[in-house]
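Listed below, chain by chain, are the residues.
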Amino acid sequence: MTSTPTINDVAKLAGVSTTTVSHFINGTRYISDDLRERVEAAITELGYRPNSLARGLRRGESKTIGLIVPDNSNPFFAEILRSIENIGYANGYSVILCNSDSDIQKEIAYTDLLFAKQVDGIVFIATNDSCEHLQQLTDAGIPIVVIDRDIPLIGTDVLLVDNFQGGYAATRYLIELGHRHIACITGPSKLTPSADRVNGYKKALAEAGIAENPQWLVAGDFQFQGGENGINQLLALPERPTAVFACNDMMALGIMRGMRKARLSVPREISVIGFDDIPLTSVVSPALTSIAQPVQEISRLAFELLIDRIQNKNSVHEEKRIVLQTHLIIRESCKQYGE
Ligand code: RIB
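Cut-off values and rules
Residues numbered from 1 in each chain as written. Predicted model: local features only at pLDDT ≥ 70, side-chain atom pairs only at ≥ 80, totals over all residues. Heavy atoms only, no water. Salt bridge = Lys/Arg side-chain N within 4 Å of Asp/Glu carboxyl O. Helix = DSSP H or I, 4+ residues; strand = E, 2+ residues; numbered from the N terminus. Buried < 20%, exposed > 50% of the residue type's maximum accessible area, 1.4 Å probe, protein only. Pairing = 2+ DSSP bridges. Axes fitted to C-alpha atoms, helices over the stretch in contact; angles between N-to-C directions. Contact = heavy atoms within 4.5 Å. Core = buried A, V, L, I, M, F, W, Y, C linked by side-chain atoms within 4.5 Å. Near = heavy atom within 4 Å. Polar contact = N/O pair within 3.5 Å; in protein donor to acceptor, adjacent residues only side chain to side chain. Areas by Shrake-Rupley, 256 points an atom, 1.4 Å probe, with all protein chains shown as cover. 1 Å grid on protein atoms, 1.4 Å probe; cavity = no way out; pocket = protein on both sides within 12 Å on 5 of 7 lines; lining within 4 Å. Sits in = over half its atoms within 2 Å of the grid points. Right-handed = clockwise from strand over helix to strand, strands pointing away. Expected span 1.5 Å × (residues − 1). Points joined across faces, edges and corners; volume = space filled by probe spheres on them. Nonpolar A, V, L, I, M, F, W, Y, C, P; charged D, E, K, R; others polar.

## Details of the pattern of salt bridges
At step 1: Scanning all chains against the criterion turns up 13 salt bridges.
At step 2: Glu-228 is the partner of Arg-257 in a salt bridge, and the nearest nitrogen-oxygen pair spans 2.7 Å. Of the two residues, Arg-257 sits in helix α11 (residues 249-261) while Glu-228 sits in helix α10 (residues 224-235), which places them 29 residues apart along the sequence.
At step 3: Overall, the relative accessible area of 26% leaves Arg-257 in the partly exposed class.
At step 4: Among the salt bridges present, the one from Asp-277 reaches Arg-331, with a minimum N-O distance of 2.8 Å. Taken together, the positions of Asp-277 in the loop between β9 (271-276) and β10 (289-292) and Arg-331 in the segment after β12 (327-329) put the pair 54 residues apart, joining distant regions of the chain.

## A short note on the sheet that holds strand β1 (residues 64-69)
Remark on secondary structure: sheet strands pair via backbone hydrogen bonds, oriented parallel or antiparallel.
At step 1: Taken in spatial order, the six strands of this open sheet run β2-β1-β3-β4-β5-β11, and their pairing is parallel. The sheet terminates laterally at β2 (94-99) and β11 (321-324), the two strands that pair on one side only. Strand after strand, the sheet turns through a mean of 15° between neighbouring axes, direction not considered.
At step 2: Where strand β3 (residues 121-124) meets strand β4 (residues 144-147), three bridges bridge the pair, whose relative direction is parallel. When the bridges of β4 are listed, Val-123 appears paired with Val-145.

## Let's talk about the environment of Leu-81
At step 1: Mapped onto the elements, Leu-81 comes out in helix α5 (residues 75-90).
At step 2: For Leu-81, the contacting residues outside a window of four places in its chain are Leu-67, Val-69, Asn-72 and Leu-97.

## Let's talk about the nonpolar core
At step 1: Counting residues in hydrophobic clusters, the biggest one holds 71 residues, and the most contacted among them are Ile-147, Leu-234 and Phe-245.
At step 2: In terms of residues, this core owes the most to one element, helix α12 (residues 295-311), which gives nine residues.
At step 3: Residue contacts for Ile-147: discarding those within four places in its chain leaves Ile-80, Val-123, Phe-124, Ile-125, Leu-159, Leu-160, Ile-298 and Ala-302.

## As for the site of the ligand
At step 1: All residues adjacent to the ligand are Asn-74, Phe-76, Phe-77, Asp-148, Arg-149, Pro-193, Arg-197, Phe-222, Asn-248, Asp-276 and Gln-293.
At step 2: Between the ligand and Asp-148, the relevant distance is 2.6 Å, taken from an oxygen atom to a side-chain nitrogen or oxygen of the residue.
At step 3: Gln-293 has a polar side-chain atom sitting 3.0 Å from an oxygen atom of the ligand.
At step 4: Summarising the interface, the protein chains cover 100% of the accessible area of the ligand, which totals 280 Å² for the free molecule.
At step 5: When atoms are counted within 2 Å of each cavity's grid points, the one that captures over half of the ligand is the largest cavity.
At step 6: Contributing elements (two or more residues each) for the shell around the ligand: α5 and α9 (192-207).

## Considerations on unusual backbone geometry
At step 1: In this structure, Pro-267 follows Val-266 across a cis peptide bond, with omega equal to 5°.
At step 2: Position of Pro-267 relative to the elements: it lies in the loop between α11 and β9.
At step 3: Here Ser-285 and Pro-286 are connected by a cis peptide whose omega angle stands at -5°.
At step 4: Note that Pro-286 resides in the loop between β9 and β10.

## Regarding the pairing of β3
At step 1: Both faces of β3 are covered, namely the face carrying Gly-121 and Val-123 and the face carrying Ile-122 and Phe-124.
At step 2: The sheet contact formed by β1 and β3 spans four bridges and is parallel. Opposite Gly-66, over in β3, you have Ile-122 as the bridge partner.
At step 3: Read from β3 through helix α7 (residues 132-139) to β4, the crossover connection turns out right-handed.

## Focus: α10
At step 1: When the terminal C-alpha atoms of α10 are compared, their 17 Å separation across twelve residues agrees well with the 16 Å that a helix rising 1.5 Å per residue should span.
At step 2: When we look at burial in α10, the residues that qualify are Gly-226, Gly-227, Glu-228, Gly-230, Ile-231, Leu-234 and Leu-235.
At step 3: Where α10 is buried, its residues meet β6 (182-185), β7 (217-218), β8 (243-246) and α11.

## Considering empty space enclosed by the protein
At step 1: The tally for this structure, following the rule as stated, stands at one cavity of 30 Å³ or more.
At step 2: Considering only enclosed or pocket space, the largest cavity measures out at about 90 Å³ in volume.
At step 3: Taken together, Asn-74, Phe-76, Phe-77, Asp-148, Arg-149, Pro-193, Arg-197, Phe-222, Asn-248, Asp-276 and Gln-293 make up the full set of residues lining the largest cavity.
At step 4: Sorting the residues of the lining of the largest cavity by element identifies α5 and α9 as the ones contributing at least two each.
At step 5: Partitioned by chemical class, the residues of the lining of the largest cavity number four nonpolar, three polar and four charged.

See the structure below:
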């Protein structure tokens with residue numbers, strides 16, 4: 001029977017002082033990346049769980065949860081942050097809001113910080129598909145709920161929307177308006193929401209007997225400027241599409257600015273549909289047709305899944321995987337083809 005690892009064992013294995021290990025765990029002093037990595041590696045290798053941390057985690061003493069999103073300037077994520085913070089506050093939890101700014105190194109720094117702050121659990125939206133840094137947290141007994149973007153993290157609950165169906169429904173709607181020359185501006189290809197939406201777009205085209213035109217599948221980035229750049233690329237083609245599915249609303253808004261700059265009309269020349277249904281969609285002119293994500297339900301369920309794991313830490317948990325439905329919100333940015 002191996003003895004329970006102590007802080008001394010961690011310090012010895014990492015080649016640092018016990019004081020350094022203590023500061024790492026409690027976040028009470030800056031530690032260089034090199035020392036941080038050595039301490040983390042030793043904690044993971046030994047399976048060390050500091051008494052105060054273990055005790056805090058078992059009883060949720062910190063009553064604090066972490067929330068990491070990739071871009072808090074995007075209204076979709078801002079809504080998620082706001083909703084989860086409201087729910088947490090109403091239930092006596094403080095929420096540490098972290099913006100990874102789509103930077104993996106910043107995301108790793110925030111997961112370290114939340115570990116050091118001894119949060120009871122984390123709601124997490126990934127900036128890309130790597131998750132070794134998160135595996136260490138779940139292995140250390142910190143519950144994580146992954147939402148929005150699917151990643152291969154073991155031992156967590158996952159809450160997504162059916163992005164394939166959403167992309168299919170957006171494209172199907174344009175086809176039913178009579179469009180056959182339909183372009184798609186994608187999000188980052190490595191992110192599951194974008195990849196699934198694009199596959200839904202392709203499925204709808206195929207079902208309608210519409211051949212894909214590679215020139216009308218444009219790589220975007222979920223950013224406003226990416227949408228404007230995408231429509232400029234499409235407008236420069238000898239054969240323009242009559243409709244565009246943007247894989248999120250921020251790019252759809254960028255498309256609308258690009259159309260204005262080109263002195264073209266949405267939807268008269270080109271119909272545009274987005275994804276997320278952020279609040280801005282009903283404010284812009286023409287009001288944007290979009291695929292709505294159930295943000296309030298996502299936020300509520302994410303919190304409930306996390307609290308269940310926190311409050312039942314010593315129970316055996318089956319990993320839950322919940323997929324919510326999106327729905328089409330028709331406004332003014334798409335019209336019947338040929339009218
Ligand atoms: O607008 C940001 C996008 O990234 C959303 O569609 C959301 O699903 C996230 O993955």
